[in-house]
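Coordinate inspection notes
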Amino acid sequence: MAENQTLDALHTPGAVFFIFGATGDLARRKLFPAIYSLYREGKLTHDFAVIGVARRPRTQDEFREDVKESIREFCRYQAGDAAEWNEFVQHFEYKSLDINNIDGFRELNAQTEALEEKFHIPGNRLFYLALAPELFGSVSFNLKAGGMLQTRGWNRLVIEKPFGYNLESAEQLNEQIRQVFKEEEIYRIDHYLGKEMVQNIEVIRFANAFFEPLWNNKHIANIQITLGETVGVEERGGYYDHAGALRDMGQNHILQLLTMIAMEPPSRLLAEDIRDEKVKVLRSLRPYATAEEVRENVVRGQYTQGLYKGKTLPAYRQEDKVDPESNTETYFAARVFVDNFRWAGVPFYIRTGKRLPVKTTEVVVEFKGMPTNVYLGQKHNLEPNLLVIRVNPMEGIYVKINAKKPGSESEIQPLAMDFCQSCMIGINSPEAYERLLHDAARGDSTYFTRWDEVSSAWSFVDRIAKAWKEESNDLASYPAGSWGPVEADQLLAGEGFHWWPVNGQDEDNVVWQVNR
Ligand SMILES: NC(=O)C1=CN([C@@H]2O[C@H](COP(=O)(O)OP(=O)(O)OC[C@H]3O[C@@H](n4cnc5c(N)ncnc54)[C@H](OP(=O)(O)O)[C@@H]3O)[C@@H](O)[C@H]2O)C=CC1
Ligand SMILES: O=C1O[C@H](COP(=O)(O)O)[C@@H](O)[C@H](O)[C@H]1O
């Protein structure tokens, strides 16, 4: 949030929202539903308009039907009665436009001015680029050349990931965009930052007397971050085969989660202070100096054909639009160190993969063991205390402690205190895109990535990618539906650790105290 700005918690300032790529997958699955939810929650009222932009022809009625269909299929609210729906959808218009056609932008401007007048919109414009990143630069230039930038109100550019393919291409992209937009006008989306429990990490850390004092290398043995997906590459084989897991999930979502876990308390709860702290973490990541260090600390794998829930799943190389000889990783795990005073010596184990057995995003903080395992004169193999932050699909926190088994003299058993937020709020908690669109329209950039975060993350990831490029015979394999290559277990075994099961999967020996 800008320092001198007070944000109204609810209302979005009047603005025109341009969705470039309005006929695409992201618009259909995420953006239109997010806009409708904001409308239903009273966060968008009368003074807004949405203009969908893409090349293919659509009449206004066809476009509005597309929007309705997307809401029917993907929105957490269902469309209301005809009167309510018509009231909402009259704010939507479509413009068929190739982003290389400057005259088309001039026509778009005329269309926009008419809508601004009709809905009394004060001249604010938010340009959401749900487009391939190669087009970001051209759109930015043509927005300017076509007279689309407002002088009366604000202009904001919201751009999707991936932001480049490596540091060099990200720098080029950034330079192009910066010729038109100032850094504070650019909102780089990382949708993980819009997730409820990711935003909750700061609160859990900084608002609890019993976590923050322990949040350091004296008390924490290791931290594990897992982003597991059951899906394969679906229809995105062409993009994914070029990107791979490291670029698709590692450079952005995983490193962003890591920064939220590892950052120092910001001096003020303002966007720039928070982002300053996050970037310090990224700059403290210990770089892998050699290909040998990459091999020792990073494991990559690709799924082969596998059996999952009685169904045979194809190998990655058999997926649509994937090179049948592809060496792209669909899984990676790494041991990462944050070389600063707080975290010296604490390994952060990160992993992500497609076609794993469980869809989950979880952070596990494993605390160091107690100095003795002798209690009441007896020896015990005490389990370490765990704090588990469940981001997705379950949302909540889970704390594992040791306690005396009720009724016994000295038997100790692990006990789980489980707060399942999603069980209480249900499926109706706001979607990440809803929050992020709302934040961008209100000028709150806290949960968007600043250029120095993006570039620092690329610097770290590029070293891994470079080592992999030089050495292609270290690609491990794993059957679809399994937990990834066994080599990933060895990353932890050396230090006497193991991956903790996710979603409480094999916690049979734990007594659950479920807050539901
Ligand atoms: N889909 C997802 O779940 C996610 C997507 N992203 C990112 O979001 C962006 C969009 O992804 P997605 O929606 O899946 O992509 P799609 O391929 O489904 O959609 C691309 C859109 O761009 C439009 N388009 C392409 N070329 C032009 C052009 N020259 N002028 C005007 N419009 C054009 C297409 O419409 P038309 O053909 O009619 O011109 C279409 O509406 C990408 O950067 C992607 O990486 C990020 C995270 C998740
Ligand atoms: O950005 C991406 O994220 C999705 C996973 O997102 P989630 O919110 O469902 O966890 C991933 O499938 C996709 O490959 C990647 O581009």
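Residues numbered from 1 in each chain as written. Chains lettered and ligands numbered in written order. Predicted model: local features only at pLDDT ≥ 70, side-chain atom pairs only at ≥ 80, totals over all residues. Heavy atoms only, no water.

Glancing now at the site of ligand 1. Within the structure, ligand 1 sits among 20 residues, and Thr23, Asp25, Arg29, Arg55 and Arg56 are positioned closest to it. One nitrogen or oxygen atom from the side chain of Asp98 is found 3.4 Å from a nitrogen atom belonging to ligand 1. One of the backbone N or O atoms of Ile99 is found 3.1 Å from a nitrogen atom in ligand 1. Considering every element that reaches the shell around ligand 1, the biggest residue donor is helix α1 (residues 25-40), with three residues. The residue inventory of the shell around ligand 1, partitioned by class, reads 10 nonpolar, three polar and seven charged. (Near = heavy atom within 4 Å. Polar contact = N/O pair within 3.5 Å; in protein donor to acceptor, adjacent residues only side chain to side chain. Helix = DSSP H or I, 4+ residues; strand = E, 2+ residues; numbered from the N terminus. Nonpolar A, V, L, I, M, F, W, Y, C, P; charged D, E, K, R; others polar.)

So, about the UniProt feature "active site" (unreviewed entry) in the chain. Residues given the UniProt feature "active site" (unreviewed entry) here are His253. Not counting residues within four places of it along the chain, the set of residues in contact with His253 comprises Lys161, Asp190, His191, Tyr192, Leu227 and Asp248. (UniProt positions renumbered as here; feature names shortened; annotations may be inferred. Contact = heavy atoms within 4.5 Å.)

Here the residue pair Lys161 and Pro162 is connected by a cis peptide bond, since its omega of 0° sits within 30 degrees of zero. Relative to the elements of secondary structure, Pro162 occurs in the loop between β5 (155-159) and α6 (167-178). Going from Asn392 to Pro393, the amide bond is cis rather than trans, its omega being -5°. Here the phi dihedral of His120 falls at roughly 55°; this positive angle occurs in a residue that is not glycine. Phi at Lys321 is positive, roughly 65°, even though this residue is not glycine. Among the structural elements, Lys321 can be located in the loop between β10 (311-313) and β11 (331-337).

Our next topic: the environment of Leu356. By the secondary structure assignment, Leu356 is in the loop between β12 (347-353) and β13 (360-367). Under the relative-accessibility criterion, Leu356 is labelled buried at 1%. Separated by 125 residues in the primary sequence, Leu356 and Gly481 have C-alpha atoms spaced 4.8 Å apart. Setting aside chain neighbours within four positions, we find Leu356 in contact with Gly228, Glu229, Thr230, Tyr331, Tyr478, Gly481, Ser482, Trp483 and Gly484. (Buried < 20%, exposed > 50% of the residue type's maximum accessible area, 1.4 Å probe, protein only.)

Turning our eyes to something else, we now look at the packing of helix α2 (residues 60-74) against helix α3 (residues 82-89). Remark: α2 packs on α3, axes separated minimally by 11 Å, with the N-to-C direction vectors making an angle of 120°. In terms of orientation, α2 and α3 fall into the oblique class. For the element pair α2 and α3, the recorded crossing hand is right-handed. On α3, the residues that touch Arg64, Val67, Lys68 and Ile71 of α2 are Trp85, Phe88 and Val89. Each residue belonging to the contact of α2 with α3 can be placed in one class, and the counts come to five nonpolar, no polar and two charged. (Axes fitted to C-alpha atoms, helices over the stretch in contact; angles between N-to-C directions. Parallel < 35°, antiparallel > 145°, perpendicular 65-115°, else oblique. Left-handed = near helix turned anticlockwise from the far one by under 90°.)

Following the UniProt record, the feature "binding site: substrate" (unreviewed entry) maps to His191, Lys195, Glu229, Asp248, Lys354 and Lys359 here. When you line up the elements, Lys195 lands in the loop between β6 (186-188) and α7 (196-206). Beyond its immediate chain neighbours, meaning those up to four positions away, Lys195 contacts Val391, Asn392, Ala432 and Arg435. Tracing the backbone shows Lys354 in the loop between β12 and β13. Overall, Lys354 belongs to the buried group, its relative accessible area being 7%. When sequence neighbours within four positions are dropped, the list of residues in contact with Lys354 reads Glu229, Val231, Gly232, Tyr240, Asp248, Tyr303, Thr330 and Tyr478. Side-chain polar atoms of Lys354 contact the side chain of Glu229, separated by 2.9 Å.

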